[in-house]
Amino acid sequence: MVEFLLRWLPMEKQLSVLQLKLGLIAAIRGVRLLIVGECACLYNLDPVEVMAGFKKYPADKGVYCPHCARDVQPALSSETVPYPFIGPTLVLDRLMELKSLPFEELEKDHRAIFYSALVHFGTLYDAFKQRGIIRQYDPRPANWQDRIAGYLGRLPDETIAQLVGEDPRAIAKLRRQRQKPTFSILDVQASI
Ligand SMILES: [Zn+2]
């Protein structure tokens, strides 16, 4: 429910939430990703515009530039390399072609698909589930509770649960144990 309300936040606050989600992915997975969308008209799409711009059909055309309506191929940039950032429909199509591969191999050999799936769906488990395939849960570090501690209460429990592959009730319990406040949509800061 709270997640649904996030869509109605002003643009700057949506951007903060998205940056927090990318920060949480970095905390869990050890890879910091940046969403970049540079158009040929020199307009830089911000990450929220990129996320909102992916089309379902045709799924392989990237996102529209809001200034000149060209197609832009956004990138998901890590510390070392930019990877093409792929829209959710295309990610699922590609995962279906690669569904027999172990998660470790997807991460090593198909990084654009792997990282795009994390940003859109939180975990590979949830991505495969979208197409009715139940696989094992994503591997995660043993100390994941410590890694996510700084995000408790700053994002909805459901959002954290989705990214870490956990039940939202377990995240709520952890948040109370660590004496972090309940997430409030009113407390989202415009910049982080
Ligand atoms: Zn443009």
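Residues numbered from 1 in each chain as written. Predicted model: local features only at pLDDT ≥ 70, side-chain atom pairs only at ≥ 80, totals over all residues.

**Re the overall build of the chain**
What counts here: In this description a helix means any DSSP run of H or I spanning at least four residues, a strand means any run of E spanning at least two, and both kinds are numbered starting from the N terminus. Note on method: radius of gyration uses C-alpha positions; expected globular size equals 2.2 Å times residues raised to 0.38. Our exposure labels follow a C-beta count within 10 Å of each residue's own C-beta, placed from the backbone: buried means 20 or more other C-beta atoms, exposed means 12 or fewer, and partly exposed covers the counts in between. Contact criterion: two residues are in contact if their C-beta atoms, reconstructed from the backbone, are within 7 Å.
Each helix and strand counted, the chain has 10 helices and 6 strands in total. Computed over the C-alpha atoms, the radius of gyration of the chain is 17 Å, within 12% of the 16 Å expected from 2.2 N^0.38 for a compact globule of 192 residues. Relative to its 192 residues, the chain shows a buried fraction of 31%. Taking the contacts inside the chain whose residues are at least 6 apart along the sequence as the reference set, 64% of them involve residues at least 24 apart.

**Observations concerning the nonpolar core**
The condition that has to hold: Note on terminology: a nonpolar core is any set of buried Ala, Val, Leu, Ile, Met, Phe, Trp, Tyr and Cys residues joined through C-beta atoms within 7 Å.
Counting residues in each nonpolar core, the largest one holds 28 residues, and the members touching the most others are V91, L95, A117 and A127. Apart from the residues lying within four places of it in its own chain, the contact partners of L95 are I113, A117, A127 and F128. The next biggest cluster of nonpolar side chains, apart from the first, holds 12 residues, and it includes L152, L155, L163 and I171.

**Here we look at helix α9 (residues 157-164)**
Counting buried positions along α9 gives 6 out of 8 residues, so the element sits mostly inside the fold. Restricting attention to buried positions, one finds in α9 the residues D157, T159, I160, Q162, L163 and V164. Downstream of α9 by a residue or two, G165 has a phi angle that is positive, lying close to 75 degrees.

**Observations concerning the sheet that holds strand β6 (residues 82-84)**
Threshold: Here a strand pair is declared whenever DSSP counts at least two bridges between the two strands. For helices, the axis comes from a line fit to the C-alpha atoms of the stretch in contact; other axes are also lines fit to C-alpha atoms, and the angle between any two N-to-C directions lies between 0 and 180 degrees.
One open sheet accounts for 4 strands, arranged β2-β1-β5-β6; its pairing is antiparallel. Of all strands in the sheet, those bounded by a partner on one side alone are β2 (44-45) and β6. Alignment of strand β5 (residues 75-77) against β6, held across 3 bridges, turns out to be antiparallel. Considered in β6, the bridge of S77 is made with P82. Here helix α6 (residues 111-121) sits on the sheet in contact with β5 and β6, set at roughly 80 degrees to β6.

**Let's talk about α6**
Most of α6 sits out of view: 9 of its 11 residues are buried. Along α6, the residues that are buried comprise I113, F114, Y115, S116, A117, L118, V119, H120 and F121. Lining the buried residues of α6 we find α2 (11-29), β5, β6, α4 (88-97), α5 (103-109) and α7 (124-130). Just downstream of α6 lies G122, where phi reads positive at about 90 degrees.

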